[in-house]
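The primary structure of each chain is shown beneath.
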Amino acid sequence: MTANEVRERMNQWGGRREPFLFGVDFELTGGFFIPSPLQQQDVLFEVGGVTNAPRIDFPAGKVFIPHPVSGKEYEGKFNTVRRGLMRGDSFLLNLTVATALETDWTLEGIFHRARSLYRLLLPGKFVCFSPEIFVRIDKGVISSYPMKGTIDARVPDAERVILEDYKERAEHYTIVDLIRNDLNRVAENVRVPRFRYIDRLHTSNGEVLQVSSEVAGDLKGDYFSRLGDIVFELLPAGSISGAPKPSTLDIIARAEGETRGYYTGVFGYFDGEKFDSAVMIRFVERRDGQFYFRSGGGITINSDCRAEYEEVLKKVYLPFTGC
C-alpha cells in the first residue's frame, strides 16, 4: 500500500487503541500495515521483546563472504557528498552502499538466529536486525534514541577513544540537535535526559561499541488518534538522512544513485497503549537472486574517505557468533 495509506491506518487503529504492526520505506512511497499482528505469521517480527516468531532451531549457514564496492567507487560517492558539504547544502549526511554477499544463509535463518530487540522478516525480500530505536511513545512521552559513533571494542581504551574523537563528537551533536528540532514539531518540553552513552553490541565480527543519546518530549491531547501523523512528521529518520533534511536528501539521491527502499525506513508495533519502533538498519535484502547487505555512516566536512569506507565495511556482520 502507499505510505499515506499506512499513515491513515495508523491514525485509525491508534484512535481505537487496537494493536498493529507497520513499516514504511525510506522514500515514503510505500509500506505495509498489519492489524492484530501477533495473530499472523506471514511477516515475522520482534519489537522491544514482543514477537510473533516461533522458537525454531533454524539451520545455520557457514558461508558469509562480503564483496563490497571498491574503494574507488566509494570515493566517487563520498566526493559527491563532500561537494554538497562544501557548498553548505548539508552539515551531516548519511551515505550508504550495498555490499553483495556470497552466502548460504537464508533470510529466515538469519532472522531466527539473530539476537536483537528489533527484528523484521519479509519473506523473500529482506531481513532486518536493528539496534537503533526510532521513537517510543508511552504515557504521553515520546522518546528518540539517535545512534552515531561506532568503534571496535578491541581497540585499546575504546570507550574513551570514541567519546573523545572530534569528528564523531561533532556528528553526534549535530544529530541530537536535528532530533530535538524534529520532536519540537510534535511535542512540548523537549529535553535530552541522556547524552552520549555507550551501547555494546555482539556481532559475528566481535563486540562493537556504539554511542547513543536519548531525546524526549511531551505529547498533548488525544495523541493516539494522531500516531500516524506524529511518526510521519519525523520521517525520514534524521540519524540515517542528515541535516538539513530537504537539501541533504537531494545529495543522497545523487551520491547513492539508487533508491534505498525499506532499508533505513522504519517499522514498529503498537500494543494498544505503548508504541515502539526502530530504524531499519543492519539489513540484508534479496534482489534479483542476489543477497546484499546495506550499510552506511555519517559524513561531515571533517570526515576522512578511507576511514568512512572502512567503517561501512565493519558494519557488514550478522548479529551472532559462529559465521
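In this text the structure is predicted, and so the values were computed from the model without any measurement.

A. Structural view of the pairing of strand β15 (residues 266-270). In terms of burial, β15 is a largely internal element, 5 of the 5 residues being buried. Going residue by residue along β15, you find V266, G268 and F270 tucked away on one face and F267 and Y269 tucked away on the opposite face as well. Where strand β1 (residues 20-24) and β15 come together, 5 bridges link them in antiparallel fashion. Across the sheet, G23 pairs through a bridge with F267, a residue of β15. Inspection of the sheet shows β15 paired to strand β16 (residues 275-279) by 5 bridges, in the antiparallel sense. Bridge assignment links F270 to a residue of β16, and that residue is F275.

B. Region of interest: the environment of D104. The residue D104 is located in the loop between β6 (92-103) and α3 (107-113) in this model. Taking the C-alpha atoms as reference points, D104 and K62, 42 residues apart in sequence, are found 6.6 Å from one another. With residues near it in sequence (within four places) discarded, D104 still touches G61, K62 and V63. For D104, the side chain forms a polar contact with the main-chain nitrogen of K62, separated by 2.9 Å. Side-chain polar atoms of D104 contact the backbone nitrogen of V63, separated by 2.8 Å.

C. Local environment of the side chain of E285. Tracing the sequence through the fold places E285 in strand β17 (residues 283-287). Here R287 takes part through its side chain, which lies 3.1 Å from a polar atom of the side chain of E285. Separated by 2.8 Å, the side chains of E285 and R294 make a polar contact.

D. Summary view of helix α5 (residues 166-184). In a regular helix each residue adds 1.5 Å, so 19 residues correspond to 27 Å; α5 covers 27 Å between its end C-alpha atoms and thus fits that length. Along α5, the residues classified as buried are K167, E168, E171, H172, I175, V176, L178, I179, D182 and L183. The buried residues of α5 occupy an angular sector of 160° when projected down its axis, which confines them to one face. Of the residues in α5, the exposed ones pointing more than 90 degrees away from the buried face are Y166 and N181.

About the criteria used
- Residues numbered from 1 in each chain as written.
- Predicted model: local features only at pLDDT ≥ 70, side-chain atom pairs only at ≥ 80, totals over all residues.
- Heavy atoms only, no water.
- Buried < 20%, exposed > 50% of the residue type's maximum accessible area, 1.4 Å probe, protein only.
- Helix = DSSP H or I, 4+ residues; strand = E, 2+ residues; numbered from the N terminus.
- Pairing = 2+ DSSP bridges.
- Contact = heavy atoms within 4.5 Å.
- Polar contact = N/O pair within 3.5 Å; in protein donor to acceptor, adjacent residues only side chain to side chain.
- Expected span 1.5 Å × (residues − 1).
- Arc of directions from axis to C-beta.

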